[in-house]
Every structure is written in structure tokens, then in C-alpha cells.
Amino acid sequence: MEDQIFQLKKLLEDAENILVTSHISPDPDAVCSSLLIYLAIKTNYPDKKIKLVLEEKPSNDLSFLQGYEQIEFVDVAETLRQDNPDLVIVADAGKLNRCSRNPAELHEAKLVIIDHHEPDDKDDADVYVNNGTPAATQEVYNLLFEKLGWTKPEGYQDIALLGILADTFRFRYRNPLHRETFRIVSDLLDAGASIEVLESKLNRYTKPQLEILGHLAANAVVTDQGFSYSWLYDEYVKDWLGKGNSVMDLKNGCEIFVNQFVRNLNNNLWGFIVYPDLAAGEGSYSVSFRSASGVRNVQNIAKLLGGGGHVPAAGAKFQAANMQEAINKVLKAIENTPDS
Ligand SMILES: [Mn+2]
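Rules of the game
Residues numbered from 1 in each chain as written. Predicted model: local features only at pLDDT ≥ 70, side-chain atom pairs only at ≥ 80, totals over all residues. Domains from an automatic or database assignment. Buried ≥ 20, exposed ≤ 12 C-beta atoms within 10 Å, placed from the backbone. Helix = DSSP H or I, 4+ residues; strand = E, 2+ residues; numbered from the N terminus. Pairing = 2+ DSSP bridges. Contact = placed C-beta atoms within 7 Å. Axes fitted to C-alpha atoms, helices over the stretch in contact; angles between N-to-C directions. Core = buried A, V, L, I, M, F, W, Y, C linked by C-beta atoms within 7 Å.

**A short note on the domain arrangement of the chain**
Each assigned domain of the chain is listed with its residue range as follows: domain 1 (2-202) and domain 2 (207-335). Spacing between the C-alpha centres of domain 1 and domain 2 amounts to 30 Å.

In C-alpha cells:
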């Protein structure tokens, strides 16, 4: 660790042109961790040329965060080619290629990765920091302000707390580093950040999202085998999109149901939803699984369907003739996966 900090300091001091980025489909932790790095470098190394580039906008409106307007939402691979930075810092992803839909290359840049995902599929970086924190934002905060002792930029408390709240689902899941998390959170609350205000900004829903949620709720099946499931019919989704609704709202509506309800129906602690993946063409379906901790390894079920993810949250995309066959394929995969 000491060595890593020394290395990181040296890379930053040597760099003249820095690019900070994070993964595609950025969630609040991706935005907050990269924004915190960007603003911290600007504050502590004001003479460096630095850019914060994300390829896509987040699905939440995070424009209230300090410095958000400085994020450039452009092609990361293209920016690397054009700018040829000498240092690239990736936050909340283990690989540069998670940051662009196009093949991204470093060209002559050194690479720093600050991540918290499983380290099994990562780039060979000059500095790689990953202590398995529940949010990348926590790792960034600990590294820059506690270990390196940098001056905090204006607005840091909201950025840091929002990233941590979002990726921990407000401290819901088991967290081996809970002492570090709560120590940092206490400091952020002392500095004026509010859990209630930030969560209220994070949890905004649209009426189209509620329509999707309502449809999933109406279709829900609570089995007597410990799990629940639901689906969206192809025709329903086609009609609904035909009214001018967005795929983003479809995904967000589905997320509300899988994150907040599919594990919470009667006594069942895990489940899934299936919906047509119309962007991938006729006959393409997405399945999304969630399980309460330690109840069912849904990653293994998703793997059997050609997907993956985490032990309690996983998904897959697969082909089927229609929704009924799609659901049957998932039920078969459940039956064929050992319960461990
Ligand atoms: Mn994250």
C-alpha cells in the first residue's frame, strides 16, 4: 500500500495531461468516484491539464453535484486518440475497455485503476487500488483525503456521500469494511451532507417507470419453492414504447421491481424478472435475478443461461420463441442449478 501511494504520487507529479474516466452506463458511484478524483486533482494540482470524460450520461439526474457541468460526455476511445494524455485514471471499473463502447487504447499513457469489483478480469495497471470497499467512491475518498492528505474540493461531502449511499443501498448489505464506511460517513455528515436530501434526489421516479412497475406487480407469481418472478409481455413493451416512452424508463422501472420487490414477496427471498430485449431484435430476452444474502447463488443460474454477475444479483440475455418459452428456460435453468 505504501508503495502504491508513492507510485501514485509520482505518476501524478510527472503527468501533464490527465484523463479521468469511468464505466459505460455510469451509475452514481461511477460518476461520484470519477468526479471526486477530477475535482481533487484540480484543487491540489491546479497547473495540470485534466479532463473528466464519461461516454454516457447516468440514468439519474446528478446535475446538482458540484462540478457536474464539467463532465464531458463524449466517446472515451476517441478522446484518448485525440488528446493522447500521459496519465489515465479509471474509477469504478477494472478495465479501460469497460469505459467505452469502442476499443479503447492507452496510446502512451500510464494507467491508474481505482476499483472495488472482483479483481478477476482487470488490466495490467501501473497502479491498481482495490481493497474491496462497498463503493469505489469510498476507496477514492480514503486514498486521496485520508492516505494522501489532500485538500478536499468544494462540494466533496455530497459527492462522496452520494456515491457511498448508492452503491451500499444505504448500508443494506454485509460490508467487511463497515467501520471505515461509517467513519467516513460520520465525517461527511459533520461536513453538512444529508442522507435524506441526497436520497430524495436519487430516488426520483417518472410516471412511465411506475407503469412498468405496475405491470410487473400485476404479473407477479409467488411460487411455493422460495422464489417469485414476473415478466413484461412483448406486445405490452412494444405498445408502451410506441407511445413515445424510453428504453431508459423501461430499464429503470424494471430495476425498481427487482431491487425493491422481487426478494420481498410473502416469505420468498429471491426471484427474477424476464422482459423482451427489443433493441437486440425479435426473440431476444433479458432476465434479471436478485437474492437476499446467503439464500441462493443466482450467479450460477445466470451462468447457465449465458450470463453472469454477482452471487446475489445477476442477469443474462438469451433467445426464445416467445415469453412463455423464455420463462420456461429460466425455470429449467433454476431446476438444473445446484442450490449452493
Ligand atoms: Mn461501484
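**Concerning the pairing of strand β8 (residues 227-231)**
Within β8, five of the five residues are buried, which leaves it mostly tucked inside the rest of the structure. The side-chain alternation of β8 yields two buried faces, one formed by Phe-227, Tyr-229 and Trp-231 and the other by Ser-228 and Ser-230. The sheet contact formed by strand β7 (residues 221-222) and β8 spans two bridges and is antiparallel. Across the sheet, the residue bridging to Val-222 is Ser-228, located in β8. Where β8 meets strand β9 (residues 270-276), five bridges bridge the pair, whose relative direction is parallel. Directly across from Ser-228, in β9, lies its bridge partner Gly-271.

**Description of the sheet that holds strand β3 (residues 72-73)**
Spatially, β3-β2-β1-β4-β5-β6 is the arrangement adopted by the six strands of the open sheet, whose pairing is parallel. Of all strands in the sheet, those bounded by a partner on one side alone are β3 and β6 (127-129). Relative to strand β5 (residues 110-114), strand β4 (residues 87-91) is paired through five bridges, and the arrangement is parallel. Residue pairing in the sheet places Ala-91 in a bridge with Ile-114 of β5. Running at roughly 125 degrees to β6, helix α1 (residues 2-14) makes contact with β4, β5 and β6 of the sheet. Here helix α3 (residues 76-83) sits on the sheet and contacts β1 (17-22) and β2 (49-54); the angle it forms with β1, its principal contact strand, is near 175 degrees.

**Comments concerning the nonpolar core**
In this structure, Leu-35 and Leu-36 are the most contacted members of the largest nonpolar core, which totals 59 residues. When residues of this core are assigned to their parent elements, the largest contribution, 10 residues, is made by helix α2 (residues 28-44). The residues contacting Leu-35, other than those within four sequence positions of it, are Leu-52, Leu-65, Gly-67, Tyr-68, Ile-71 and Ile-159. In terms of nonpolar packing, the next biggest core, distinct from the first, is built from 31 residues, Leu-232, Phe-289, Val-298 and Ala-302 among them.

**Regarding the environment of Ile-334**
Within the fold, Ile-334 resides in helix α12 (residues 323-335). Put simply, Ile-334 and Val-298 are 36 residues apart on the chain and 8.6 Å apart in space, counted from C-alpha to C-alpha.

**Observations regarding the sheet that holds β7**
Here six strands make up an open sheet; going across it, the order is β7-β8-β9-β10-β12-β11 and the pairing mixed. Of all the strands in the sheet, just β7 and β11 (308-309) have a single pairing partner and so form its edges. Contacts from α12 reach β8, β9, β10 (284-291) and β12 (313-319) within the one sheet, and its direction differs from that of β9 by about 150 degrees.

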